[in-house]
Amino acid sequence: MSKTLWLLRHGDAEGQGARPDFERGLTARGERQARAAGHLLARLGVAFEHVFTSPRVRALETARLACAELGIEPVVHEPLGGDFDGNAAVELIHATREDGALLLVGHEPDMSGLVAELSGAIVAMKKGGLAAIRLGIGGGELTLLLRPREIELVAGR
């Protein structure tokens, strides 16, 4: 049995300097990216046991829009606001049932760093990008990596 950790980087956001970093929200494009990610996950039949999100507005908006497609409410997890690493992710993964799925919504460089730390793959998560890592006894395997445009194509949006 294995668990699957899904990672969603927040969608396209307002430019730096538009407002304090913590308060920067999604652009219309970012909202579309978040909805498409949620739609894709629903089409794939992924049932999340837990969804945790950064408290930063752009990530929280991404999580809420994606989760609206999935019928689950995201939970704010303060550590996802920055400097989130594999050890922190493993703590959350342990709270997931043996064949369960967990979604984390956050920021760079944390999302790409988690992929590298847990699977060994070197990636650059794009804004609105999605990754899945299957975690088992032998370690982690990157099973999916999609950029926003690919998500939209597969989701049919």
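Heads up: the structure comes first, above all this text.
Everything quoted here is computed from the prediction, not taken from an experiment. (Residues numbered from 1 in each chain as written. Predicted model: local features only at pLDDT ≥ 70, side-chain atom pairs only at ≥ 80, totals over all residues. Heavy atoms only, no water.)

Quick look at the overall build of the protein chain
Each helix and strand counted, the protein chain has 5 helices and 6 strands in total. For the protein chain, the succession of helices and strands along the chain, N to C, is β-α-β-α-β-α-β-α-β-β-α. Scaling as 2.2 N^0.38, a compact globule of 157 residues should have a C-alpha radius of gyration of about 15 Å, and the protein chain matches this with 14 Å. Summarising its shape, the C-alpha atoms of the protein chain cover approximately 45 × 35 × 30 Å along the three principal directions. Buried positions account for 47% of the 157 residues belonging to the protein chain. When the accessible surface of the protein chain is totalled, it reaches about 7500 Å², and 50% of it is carbon and sulfur. Separation of charge centres in the protein chain, based on 18 positive and 21 negative side chains, amounts to 8 Å. (Helix = DSSP H or I, 4+ residues; strand = E, 2+ residues; numbered from the N terminus. Rg over C-alpha atoms; globule rule 2.2 N^0.38 Å. Buried < 20%, exposed > 50% of the residue type's maximum accessible area, 1.4 Å probe, protein only. Areas by Shrake-Rupley, 256 points an atom, 1.4 Å probe, with all protein chains shown as cover. Lys, Arg positive; Asp, Glu negative; His and termini not counted. Charge placed at Lys NZ, Arg CZ, Asp CG, Glu CD.)

Quick notes on the sheet that holds strand S2 (residues 50-53)
Strand order in the open sheet made by the 6 strands is S3-S2-S4-S1-S5-S6, with mixed pairing throughout. Two strands in the sheet have a free side with no partner beyond their single neighbour: strand S3 (75-76) and strand S6 (139-146). Pairing geometry for S2 and S3, over 2 bridges, is parallel. Its bridge partner being in S3, phenylalanine 52 is matched across the sheet by valine 75. (Pairing = 2+ DSSP bridges.)

As for the packing of helix H1 (residues 28-43) against helix H5 (residues 148-155)
When two helices pack together, their arrangement is given by the angle between their axes and by how far apart the axes lie. Put simply, H1 and H5 touch, their axes get as near as 9 Å, and they point 50° apart. Considering their axes alone, H1 and H5 lie oblique with respect to each other. In this structure, the crossing between H1 and H5 has a hand that is left-handed. Judged by residue contacts, Gln33, Ala36, Ala37, His39, Leu40 and Arg43 of H1 engage Pro148, Ile151, Glu152, Val154 and Ala155 from H5. Tallied by class, the residues present in the contact of H1 with H5 amount to 7 nonpolar, 2 polar and 2 charged. (Axes fitted to C-alpha atoms, helices over the stretch in contact; angles between N-to-C directions. Parallel < 35°, antiparallel > 145°, perpendicular 65-115°, else oblique. Left-handed = near helix turned anticlockwise from the far one by under 90°. Contact = heavy atoms within 4.5 Å. Nonpolar A, V, L, I, M, F, W, Y, C, P; charged D, E, K, R; others polar.)

A look at the nonpolar core
General note: in soluble globular proteins, nonpolar side chains tend to be found buried as a group. Ranked by size, the top nonpolar core spans 21 residues in total, and within it Trp6, Leu8, Phe48, Leu103, Leu130 and Ile151 carry the most contacts. Looking at this core, the elements with two or more residues in it are strand S1 (3-9), H1, helix H2 (57-68), strand S4 (101-106), strand S5 (130-136) and H5. Those residues in contact with leucine 130, other than ones at most four positions away along the chain, are Trp6, Leu7, Leu8, Leu40, Leu41, Met125, Leu144, Leu145, Leu146 and Ile151. (Core = buried A, V, L, I, M, F, W, Y, C linked by side-chain atoms within 4.5 Å.)

Concerning helix H4 (residues 110-119)
Here H4 has its buried residues at Asp110, Met111, Ser112, Leu114, Val115 and Leu118. Taken from the residues just after H4, glycine 120 is the one with a positive phi, measuring 85°.

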